[in-house]
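Now for the letters of each chain:
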Amino acid sequence: MKKLIIGLVSLMLIVVMAGCSSNQKVKEEKDDTLNVVATTTMLKDLAIRIGGDKVNVVDLMGAGIDPHLYKASAGDVSKMQEADLIVYNGLHLEGKMGEIFENLQTRDKEVLAVGEALDETMLLSSSDFEGNQDPHIWFNVKLWMDVTRVLADKLIAIDEGNQTYYEDARDNYLKELENLDQYVTDRVNELEEDQRILITAHDAFNYFGDAYGFEVRGLQGISTSAEAGTQDVSQLADYITEKQIKAVFVESSVPVKNVEALKEAVASRGFEVAIGGELFSDSTGSAGTEEETFIGTMTHNINIIVDALK
């Protein structure tokens, strides 16, 4: 009996020690994974592409959310406080979160504003805020390639042990972005130059226009906090009628009412303009769709634009 009891106690100790060892291993593996918080879906997708299984990425805003108007919740702040890295666009895209980012930086958190790490000569000026830059940098694929390099460098600086992993992921993704840039260029070339006029709900596509040769006009300004007035609608309706523009576009993160009002104003002038489709502007598409990724979003947008304007 004594031997049996000793044997059972020994077995229990082995099981407990094995459990502790297993738990410690899980903890160590978890600790090796960087917790990254990204503000937008574009940045979440990018962090996943570069970080792979070395990172755990969550986004704050989700698909269809307007970052210009987004206010962080207490839960969002808690996520950022616990993160190893916080990635945001900057250039006032997340306009109502600026103070939060400043507070996090003063607490020695790893915070990266990707737009503010770019070469300033590549940035476009903002029509809404004098002296500031347009934050919609992702619409120029070559600029997004620069953002890819910026984020990869930051991950390497934080996690030097996985430098080769991040470099390989970065280089592979850059090749995909090069292919995307060529695809967008090829599709744009299907349009005559006088067809390359893009009219959308808000002024988010200036980098796209600058990179691919479009004249771009938006009903609202760069920030959706600036409402379109009757005069804005009237002036743009006159322009559409004069240029005989075939289509205007709504956006996934902006209410459609203004574009519908524009369509009616054009009709009152004796010309019919179509709503060419929905573009993704300040977020990617919904989870589980092809447009969930940045590449899928850009491919969707250029296909919608060219097919509607041809």
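Residues numbered from 1 in each chain as written. Predicted model: local features only at pLDDT ≥ 70, side-chain atom pairs only at ≥ 80, totals over all residues. Heavy atoms only, no water.

Some thoughts on the environment of Tyr70
No. 1: Here Tyr70 is to be found in the loop between strand E2 (55-59) and helix H3 (74-82).
No. 2: Given the relative accessible area of 16%, Tyr70 is considered buried.
No. 3: Between the C-alpha atoms of Tyr70 and Leu93, which are 23 residues apart in sequence, the distance is 9.7 Å.
No. 4: Aside from chain neighbours lying at most four places away, what touches Tyr70 is Leu60, Met61, Ile65, Asp76, Lys96 and Met97. (Helix = DSSP H or I, 4+ residues; strand = E, 2+ residues; numbered from the N terminus. Buried < 20%, exposed > 50% of the residue type's maximum accessible area, 1.4 Å probe, protein only. Contact = heavy atoms within 4.5 Å.)

Quick look at the confidence of the model for the protein chain
Detailed reading of predicted coordinates is not advised where the pLDDT is low.
No. 1: Scored by pLDDT, the protein chain comes out at a mean of 89, with 86% of its residues at no less than 70.
No. 2: Contacts of residues 8-30 to residues separated by more than four positions or lying in other chains number zero contacts, the stretch itself having pLDDT below 50. (pLDDT = per-residue confidence, 0-100.)

Quick notes on the packing of aromatic side chains
No. 1: Summed over all chains, the structure comprises eight aromatic pairs.
No. 2: Of the aromatic side chains, those joined through ring pairs into one cluster are Trp138, Phe139, Phe205, Phe208, Tyr212 and Phe214. (Phe/Tyr/Trp six-rings, centres within 6.5 Å; stacked < 30°, edge-to-face > 60°.)

So, the nonpolar core
No. 1: Counting residues in hydrophobic clusters, the biggest one holds 58 residues, and the most contacted among them are Ile137, Trp144, Phe208, Phe214 and Phe294.
No. 2: Leave out the neighbours within four places in its chain, and Trp144 touches Met42, Leu43, Leu46, Ile137, Trp138, Tyr173, Leu177 and Phe294.
No. 3: By size, the runner-up hydrophobic cluster in this structure holds 19 residues, among which are Leu236, Ile245, Phe271 and Val273. (Core = buried A, V, L, I, M, F, W, Y, C linked by side-chain atoms within 4.5 Å.)

A few points about the side chain of Arg187
No. 1: With respect to the helices, strands and loops of the structure, Arg187 is situated in helix H6 (residues 163-188).
No. 2: Polar contacts involving the side chain of Arg187 include one to the side chain of Asp307, which spans 3.0 Å.
No. 3: If we ignore the near neighbours within four places in the chain, the residues touching Arg187 are Ile302, Asn303, Val306, Asp307 and Lys310. (Polar contact = N/O pair within 3.5 Å; in protein donor to acceptor, adjacent residues only side chain to side chain.)

Examining the sheet that holds strand E4 (residues 111-113)
No. 1: Pairing in this open sheet of four strands is parallel, and the strands run E2-E1-E3-E4 from one edge to the other. Either end of the sheet is taken by a strand with one partner, and the two such strands are E2 and E4. Recorded for the sheet is a direction-independent mean angle of 20 degrees between the axes of neighbouring strands.
No. 2: Of the strand pairs in this sheet, strand E3 (residues 85-88) and E4 are connected by three bridges, and their pairing is parallel. Its bridge partner lying in E4, Tyr88 is registered against Ala113.
No. 3: Taken strand by strand, helix H2 (residues 41-51) contacts strand E1 (34-38), E2 and E3, and its axis lies near 175 degrees from that of E2. (Pairing = 2+ DSSP bridges. Axes fitted to C-alpha atoms, helices over the stretch in contact; angles between N-to-C directions.)

A word on the pairing of strand E7 (residues 247-251)
No. 1: Where burial is concerned, most of E7 is hidden: five out of the five residues are buried.
No. 2: Residues Ala247, Phe249 and Glu251 point to one face of E7 and Val248 and Val250 to the other, with burial holding for every one of them.
No. 3: Summarising the sheet, E7 and strand E8 (residues 274-279) pair through five bridges and their orientation is parallel. The residue of E8 that forms the bridge with Ala247 is Ala274.

Details of unusual backbone geometry
No. 1: Despite not being glycine, His92 shows a phi value in the positive range, around 70 degrees.
No. 2: On the secondary structure map, His92 appears in the loop between E3 and helix H4 (98-106).
No. 3: The backbone of Asp108 shows a phi angle near 65 degrees, a positive value even though the residue is not glycine.
No. 4: Within the element layout of this structure, Asp108 appears in the loop between H4 and E4.
No. 5: On the basis of relative accessibility, which here comes to 71%, the residue Asp108 falls in the exposed class.

Here's the deal with the pattern of salt bridges
No. 1: Enumeration over the complete set of coordinates arrives at eleven salt bridges.
No. 2: Ionic pairing is found between Lys154 and Glu110, a salt bridge with its closest N-O pair at 2.8 Å. Residue Lys154 is found in helix H5 (residues 141-158), and its partner Glu110 is found in the loop between H4 and E4; the two are separated by 44 residues along the sequence.
No. 3: Look at Glu110 and you get partly exposed, because its relative accessible area is 33%.
No. 4: Between Lys142 and Asp181 there is a salt bridge; the shortest N-O distance is 2.5 Å. Of this pair, Lys142 sits in helix H5 while Asp181 sits in helix H6, placing them 39 residues apart in sequence.
No. 5: Via salt bridges that share partners, Arg187, Glu190, Asp307 and Lys310 belong to a single interconnected network. (Salt bridge = Lys/Arg side-chain N within 4 Å of Asp/Glu carboxyl O.)

Quick look at the packing of H3 against H4
No. 1: Their axes nearest at 11 Å, the elements H3 and H4 cross at an angle of 30 degrees. Comparing their axes, H4 and H3 come out roughly parallel. Relative to H4, the crossing made by H3 is right-handed. In contact with Val77, Met80 and Gln81 of H3, H4 contributes Ile100, Phe101 and Leu104. (Parallel < 35°, antiparallel > 145°, perpendicular 65-115°, else oblique. Left-handed = near helix turned anticlockwise from the far one by under 90°.)

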